[in-house]
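A structural walkthrough
Spelled out, the chains give:
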Amino acid sequence: MDLTHFKDGRPHMVDVTEKPATLRTATAEAFVELTEEALAALEQGGVGKGDPLMVAQLAGIMAAKRTADLIPLCHPLPLTGVEVRVELEREAKRVRIEATAKTKAETGVEMEALTACAVAALTVYDMLKAASKGLVISGVRLLHKAGGKSGEWRAS
């Protein structure tokens, strides 16, 4: 299998000029595993910077919009929608983040959904690190994508 971001062994941005603009969506997820101290701080609202989950939601949306600035060969896309959900899963002692990005463009939005999740997870870490440095970001992965030449894909 040829990797599309290399040409003659050198990095290159894929030319999508001739591809039709179609509706494309992608959904990703990430987790932040909490320590007891971080969970307590989150539940007690003992974070001076504000509500970590709400701030993380906003950070994820903003990150999706800036993906092409962060990932070197990623195309800047006109996002038509970004939804980020950040929720505490108390029994599992973790925060689950899910992001869905949408566009009508020549290339997909997988990187935007993944970037939204990663940055939202980093934001949760940043806001709770005063309570504990032992937080773990895990499970950043694509759950679903639809549209484009490769069609629909869903994680098993």
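Residues numbered from 1 in each chain as written. Predicted model: local features only at pLDDT ≥ 70, side-chain atom pairs only at ≥ 80, totals over all residues. Heavy atoms only, no water.

**Describing the overall build of the protein**
What counts is decided by this rule: Strands are runs of DSSP state E lasting at least 2 residues, helices are runs of H or I lasting at least 4, and numbering of each runs from the N terminus. For every residue, the accessible area obtained with a 1.4 Å probe (protein chains only) is divided by the maximum for its type, and the residue is called buried under 20%, exposed over 50%, and partly exposed between those limits. Here a residue-residue contact requires only that any non-hydrogen atoms of the pair lie within 4.5 Å. Here the Shrake-Rupley method, with its probe set to 1.4 Å, supplies the accessible areas, and only the displayed protein chains count as covering residues. A positive count includes Lys and Arg, and a negative count includes Asp and Glu. His and the chain ends are not counted in either. Where a charge sits is defined by one atom per residue type, namely NZ (Lys), CZ (Arg), CG (Asp) or CD (Glu).
Of regular secondary structure, the protein possesses 4 helices and 7 strands. Projected onto its principal axes, the C-alpha positions of the protein cover 55 × 30 × 30 Å. Buried positions account for 38% of the 156 residues belonging to the protein. The contacts in the protein between residues at least 6 apart in sequence include a share of 71% that link residues at least 24 apart. As displayed, the protein has an accessible area near 9100 Å², and 55% of this comes from carbon and sulfur atoms. Side-chain charges in the protein split into 20 positive and 21 negative, and the spacing between the mean points of these groups amounts to 3 Å.

**Side note on the pairing of strand β5 (residues 94-105)**
For the record, the criterion: Strands are labelled as partners when DSSP assigns at least two bridges between them.
Among the 12 residues in β5, 9 count as buried, and that is most of the element. Relative to β5, strand β4 (residues 79-89) runs antiparallel, the two sharing 10 bridges. Bridging across to β5, Gly81 finds its partner in Lys102. Between the end of β4 and the start of β5, which pair antiparallel, lie 4 residues, with Lys93 showing a positive phi angle near 55 degrees.

**What about the environment of Thr115?**
As for its position among the elements, Thr115 is in helix α4 (residues 110-128). Separated by 49 residues in the primary sequence, Thr115 and Arg66 place their C-alpha atoms 8.8 Å from one another. Once residues lying within four places of it in the same chain are set aside, the contact partners of Thr115 are Ala63, Thr67, Leu70 and Ile71.

This is a description of form; function is not addressed.
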